[in-house]
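Analysis of the macromolecular model
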Amino acid sequence: MSLELLLRFASAVGIIFLGVGVYWLANQFLLSRAKGNLSSLLNPLPNKPVIVYFTTPDCAPCKTVQRPALEKLTSLLGEKLHVVEIDATERPDLAKTWGVMSVPTTFLLNARGEARYVNNGVARVEKLMEQIQTL
Amino acid sequence: MTSQTLQKVDHSALKTNQLFIIFLNILAFILNQPILTAFVALVMGIGAVLKTPGFGIIYKSILRPRGWMKPDVLDDNPEPHRFSQIVGFAFLFAGSIALFLGSAGLGWTLVWIVIALASLNAFGGFCVGCAVYYWLARFGIPGFGKQSPAGTIPGAKPKARVTA
């Protein structure tokens, strides 16, 4: 592999990382916005981790992957987790407030109601479990 | 909000198109092969003429029949996506010309803009070209007649099946 090729590869990786960084910052902005939104959804707060799951009736990956993942998670954690499912077609106001631009989107909030993670797109059960453990 | 008639748009075909645009252009940059960028521009140009996603043929003939990608059909306006593809084609065409004329900085910048916008669409669900289309429609520019589907932020992936 020539030096030029290596340099170009490194540049491409650098640019991609820069893009991912910008995306990460945008997610942090979403999380900071979500912080105050839970109390308007759940009052009083359930005092346990909450997953706010945005979906639509026509969302195929929601039906085939996201919902089964959340059902499995609920069966594993039982009362230790609260899942709020929101149909974005019925509540476009909430989708807008939470900054949801695509479905599925899942927000993970800790027991204090602070948003810690946002998953734009499908989040598998292993990933959600890992995120819950670090809340 | 609008009562316009929407059409069935398979967003999986659009996503396939975006992923191929991203992958091939990154490959073109790494290998320093402007011809590959020109090829992507050509495919997008053909797609724009045929009013279909350029690399959508791969989705229709390989990915969907084999079940590797599932259809994601939404009620949407196809026009903004076509406009987006035309804009992408224009950027890549200009980028290719710049690269062939030896202006690597300008050429690859244009290519990376397309990669960035296609990535935002493929991974973030936001189509900047579509947002520009709806923005132009709002100003009554001829040829830009559609409004974003009800309840959808202009450029965002539609969340609702709004027609019966």
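Let me sum up the structure you'll find in this document. (Residues numbered from 1 in each chain as written. Chains lettered and ligands numbered in written order. Predicted model: local features only at pLDDT ≥ 70, side-chain atom pairs only at ≥ 80, totals over all residues.)

**Details of the overall build of chain A**
Within chain A, the secondary structure is distributed over five helices and four strands. N-terminal to C-terminal, the α/β element order of chain A is α-α-β-α-β-α-β-β-α. Along the longest, intermediate and shortest principal axes, the C-alpha atoms of chain A span 60 × 30 × 30 Å. Buried residues in chain A amount to 27% of all 135 residues. Considering only residue pairs separated by 6 or more positions, chain A has 71% of its internal contacts joining residues 24 or more positions apart. (Helix = DSSP H or I, 4+ residues; strand = E, 2+ residues; numbered from the N terminus. Buried ≥ 20, exposed ≤ 12 C-beta atoms within 10 Å, placed from the backbone. Contact = placed C-beta atoms within 7 Å.)

**A short note on the interface of chain B and chain A**
Facing the 20 residues of chain B at the interface are 19 residues of chain A. When residues of the side of chain B that touches chain A are traced back to their parent elements, those giving at least two are helix H1 (11-31) and helix H5 (104-124) of chain B. Among the elements that make up the side of chain B that touches chain A, the one with the highest residue count is H5(B) (four residues). Tallied by class, the residues present in the side of chain B that touches chain A amount to ten nonpolar, five polar and five charged. (Nonpolar A, V, L, I, M, F, W, Y, C, P; charged D, E, K, R; others polar.)

**Here's the deal with the nonpolar core**
Counting residues in hydrophobic clusters, the biggest one holds 27 residues, and the most contacted among them are A:Val52, A:Phe54, A:Phe107 and A:Leu109. Looking at this core, the elements with two or more residues in it are strand E1 (50-55), helix H3 (60-77), strand E3 (105-109) and strand E4 (115-120) of chain A. Those residues in contact with A:Leu109 that lie beyond four places of it in its chain are A:Leu38, A:Pro49, A:Val50, A:Val52, A:Glu114, A:Ala115 and A:Arg116. Counting 24 residues, the second-largest nonpolar core is a separate cluster that includes B:Ile26, B:Phe89, B:Val114 and B:Leu117. (Core = buried A, V, L, I, M, F, W, Y, C linked by C-beta atoms within 7 Å.)

**Remarks on unusual backbone geometry**
For the bond running from A:Val103 to A:Pro104, omega is -5°, close enough to zero to count as cis. With a phi angle near 65°, A:Asn47 is a residue other than glycine that sits in the positive phi range. Along the polypeptide, A:Asn47 turns up in the loop between helix H2 (38-41) and E1. Backbone geometry places B:Asn32, a non-glycine residue, at a positive phi of 55°. Assignment of secondary structure puts B:Asn32 in the loop between H1 and helix H2 (34-50). Assessed through the 13 C-beta atoms surrounding it within 10 Å, B:Asn32 is described here as partly exposed.

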